[in-house]
Amino acid sequence: MVAYQRYVQLCQSRDSEQRGQAAHLAAMAYLAHRGPADEQAALYAALMNFLDDPSVKVRAALAYGLLHSENAPRPIMLSLAQDAPVISRAVVHFSPVLLDADLMGIIRSGDPDMLAVMTARPTLSQRVALALTRLGDPDLCIRVLGRTEIVLPDDDLMLLAEKWGEDAKVRGALLKRRDLPGIARLHLVECVRQALLGLRVVKGAVQPRRLDRLLRDACDNATTAIGEREAGRGARGYVAAMAENEKINARLMLHAMVHGHVLFFADALSHLSATPRSKIFTILDSGSRAALHAVFSRCGFTPAVRNLLARLVAHARQADLADDVAARHYVVSLLIEELIVEHDGVLPPALEESFAYLNEQNIALARSAARGVMPAFAAESPDEVMVPDLRQERLALPAA
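Residues numbered from 1 in each chain as written. Predicted model: local features only at pLDDT ≥ 70, side-chain atom pairs only at ≥ 80, totals over all residues. Heavy atoms only, no water.

**Brief notes about the overall build of the chain**
Okay, so step 1: When its secondary structure is counted, the chain shows 24 helices and zero strands.
Okay, so step 2: Considered along the principal axes of its C-alpha atoms, the chain spans approximately 105 × 70 × 40 Å.
Okay, so step 3: Expressed as a percentage of the 400 residues in the chain, the buried residues total 42%.
Okay, so step 4: Of the contacts formed within the chain by residues at least 6 apart in sequence, a portion of 59% connects residues at least 24 apart. (Helix = DSSP H or I, 4+ residues; strand = E, 2+ residues; numbered from the N terminus. Buried < 20%, exposed > 50% of the residue type's maximum accessible area, 1.4 Å probe, protein only. Contact = heavy atoms within 4.5 Å.)

**Focus: the pattern of salt bridges**
Okay, so step 1: Counted by the stated rule, this structure contains 19 salt bridges.
Okay, so step 2: Here Arg19 and Asp53 are joined by a salt bridge, their closest N and O atoms 2.8 Å apart. Residue Arg19 is located in helix H2 (residues 16-32), and its partner Asp53 is located in the loop between helix H3 (37-50) and helix H4 (56-66); the two are separated by 34 residues in the primary sequence. Summarising the burial analysis for this pair, Arg19 and Asp53 share the class buried.
Okay, so step 3: For Glu338, the salt bridge is made with Arg311, and the minimal N-O distance between the two is 3.3 Å. On the criterion of sequence distance, the pair formed by Glu338 in helix H22 (residues 325-342) and Arg311 in helix H21 (residues 303-316) is long-range, its members being 27 residues apart.
Okay, so step 4: The partly exposed category is assigned to Glu338, whose relative accessible area is 23%. (Salt bridge = Lys/Arg side-chain N within 4 Å of Asp/Glu carboxyl O.)

**Let's talk about the environment of Asn71**
Okay, so step 1: Its place among the elements puts Asn71 in the loop between H4 and helix H5 (74-80).
Okay, so step 2: As for Asn71 and Ala61, which are separated by 10 residues in sequence, their C-alpha atoms are 17 Å apart.
Okay, so step 3: Excluding residues that lie within four positions of it along the chain, Asn71 makes contacts with Tyr30 and Leu31.

**What about unusual backbone geometry?**
Okay, so step 1: In this model, Glu246 sits at a positive phi of 55 degrees, which is unusual for a non-glycine residue.
Okay, so step 2: Relative to the assigned elements, Glu246 resides in the loop between helix H16 (237-244) and helix H17 (250-258).

**Comments concerning the side chain of Asp53**
Okay, so step 1: Judged by its relative accessible area of 11%, Asp53 falls in the buried class.
Okay, so step 2: Of the polar contacts made by the side chain of Asp53, one reaches the side chain of Arg19; its length is 2.8 Å.
Okay, so step 3: The contacts of Asp53, once residues within four sequence positions are left out, are Arg19, Val58 and Arg59. (Polar contact = N/O pair within 3.5 Å; in protein donor to acceptor, adjacent residues only side chain to side chain.)

**A look at the packing of aromatic side chains**
Okay, so step 1: Summed over the entire model, instances satisfying the criterion amount to two aromatic pairs.
Okay, so step 2: Pairing Tyr30 with Tyr44 gives two aromatic rings, centres 6.4 Å apart and planes at 45 degrees, and the pair type is tilted. You can see Tyr30 sitting in helix H2 and its partner Tyr44 sitting in helix H3, a full 14 residues away along the chain.
Okay, so step 3: By relative accessible area, Tyr44 is classed as partly exposed at 29%.
Okay, so step 4: Taking 6.3 Å as the distance between ring centres and 65 degrees as the angle between the ring planes, the aromatic pair formed by Tyr238 and Phe264 counts as edge-to-face. Highlighted residues: Tyr238 in helix H16 and Phe264 in helix H18 (residues 262-273), separated in sequence by 26 residues.
Okay, so step 5: Judged by relative accessible area, Tyr238 falls into the buried class, the value being 3%.
Okay, so step 6: Using a relative accessible area of 0% as the deciding quantity, one classes Phe264 as buried. (Phe/Tyr/Trp six-rings, centres within 6.5 Å; stacked < 30°, edge-to-face > 60°.)

**Points about the packing of helix H13 (residues 182-198) against H16**
Okay, so step 1: Between H13 and H16, whose axes approach to 8 Å, the crossing angle comes to 55 degrees. It follows that H13 is oblique to H16 by the angle criterion. Every residue of H16 that contacts H13 at Gly182, Ile183 and Leu186 is listed here: Tyr238, Ala241 and Met242.
Okay, so step 2: The class makeup of the residues in the contact of H13 with H16 is five nonpolar, one polar and no charged. (Axes fitted to C-alpha atoms, helices over the stretch in contact; angles between N-to-C directions. Parallel < 35°, antiparallel > 145°, perpendicular 65-115°, else oblique. Nonpolar A, V, L, I, M, F, W, Y, C, P; charged D, E, K, R; others polar.)

**Some words on H17**
Given 3.6 residues to a turn, an α-helix orients residues that are three or four positions apart in the same direction.
Okay, so step 1: A large share of H17 lies buried, amounting to nine of its nine residues.
Okay, so step 2: Residues Ala250, Arg251, Leu252, Met253, Leu254, His255, Ala256, Met257 and Val258 constitute the buried set of H17.
Okay, so step 3: Just downstream of H17, Gly260 is the residue with a positive phi angle, here 75 degrees.

**A look at the confidence of the model for the chain**
Okay, so step 1: Mean pLDDT over the chain works out to 89, with 92% of the residues at or above the 70 mark.
Okay, so step 2: Model confidence for the chain, summarised as mean pLDDT per element, is weakest for helix H24 (residues 383-386) at 54 and strongest for helix H10 (residues 138-145) at 96. (pLDDT = per-residue confidence, 0-100.)

**Focus: the nonpolar core**
Okay, so step 1: Within the largest apolar cluster, 55 residues are counted, with the highest numbers of intra-cluster contacts made by Leu62, Leu66, Val91, Val92, Met118 and Leu174.
Okay, so step 2: Ignoring anything within four residues of it in the chain, the contact list for Val91 reads Ala63, Leu67, Met77, Leu80, Ala81, Leu98 and Arg121.
Okay, so step 3: Met257, Ala268, Val313 and Ala316 belong to the second-largest nonpolar core, a separate cluster that totals 47 residues. (Core = buried A, V, L, I, M, F, W, Y, C linked by side-chain atoms within 4.5 Å.)

**So, the packing of H2 against H3**
Okay, so step 1: Here H2 crosses H3 at 145 degrees, and the two axes come no closer than 9 Å. For the crossing formed where H2 meets H3, the hand is left-handed. Facing Arg19, Ala22, Ala23, Ala26, Ala27, Ala29 and Tyr30 of H2, the residues of H3 in contact are Gln40, Leu43, Tyr44, Leu47 and Phe50.
Okay, so step 2: For the contact of H2 with H3, the residue count by class is 10 nonpolar, one polar and one charged. (Left-handed = near helix turned anticlockwise from the far one by under 90°.)

**Considerations on the side chain of Thr223**
Okay, so step 1: Tracing the backbone through its elements, the reader meets Thr223 in helix H15 (residues 208-232).
Okay, so step 2: Among the residues examined, Thr223 registers a relative accessible area of 8% and is labelled buried.
Okay, so step 3: Of the polar contacts made by the side chain of Thr223, one reaches the backbone oxygen of Cys219; its length is 2.7 Å.

The structure is reproduced here in structure tokens:
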């Protein structure tokens, strides 16, 4: 009775701080109550009365007491969700009582501050997450995409990639998601390429032909690397989409094999030739030259390209192209030498593009292989061999 009298005094006080204490006590008592139903009803009525208190402090104290509980009264929490911003944001952010239907109603209201705090709820359903991304606000998209525990459908991720591919921040948030479909990732890579081509600092620092070559090679590597990952996951839609858009060509197939992306190479052959994947792997591993030519023929490659691919597969069987840069350089150099000898230095038009690609790769791979040679050689060689003493003689330099 003494405690109850103190509670009544707090409720009737003119000090909003004391009335806030009473509201918080009533909230905690309601959540902890395990007695008769009439007592529970009395506590519920007390909570309802605090909703009419003119002080924001009192209503905030009430919300704070109920905020994280799953047993908080829904009518009270819905009322608090429509209260002053400092109260409503906290309720929308934390209260587990609010259902998806309640959140969808808040989304339709369009209050940007409420939408932002909604993305930070401890648990966010797929339905609400998709509704937030469809509002067309890049900041909300970034917030939702950052919630990697929320599984988003592939179709919706594709739509987001197509819609926000030109926005660098949203594009970055999309690329960080491991569940992003391969074809969407490839589209974003192309968007990055176009963005780099449009930057003045990039265009001013790199000669145009070299820049085009660098970006084209990077996109080829991204295309086959993404395809390798998709093939490893058993996702066949990536290759199908690329074939439908006619993006699988001789250059891409050469790049895939040279860089050890065999799973993508096999998936592409399987799709283009309508041959089971298991049979393709058998042919690539131990099939005869005639069997390789038959598969490449069904894929639509010209005789000259078929012969080049068959040679590359034969060399790849003897080398680790997935991890050994020196092995890649050796195989590419060998292919170039064989083509020059076979055609006596006059390459047929059907092989000119492939030959140009091999020359580009030969230079790039030679540079990559050389980067690791000199440090290793320097570490194993005596200093006096590597650094001659030039102090005893003067160099005779030609006149300017």
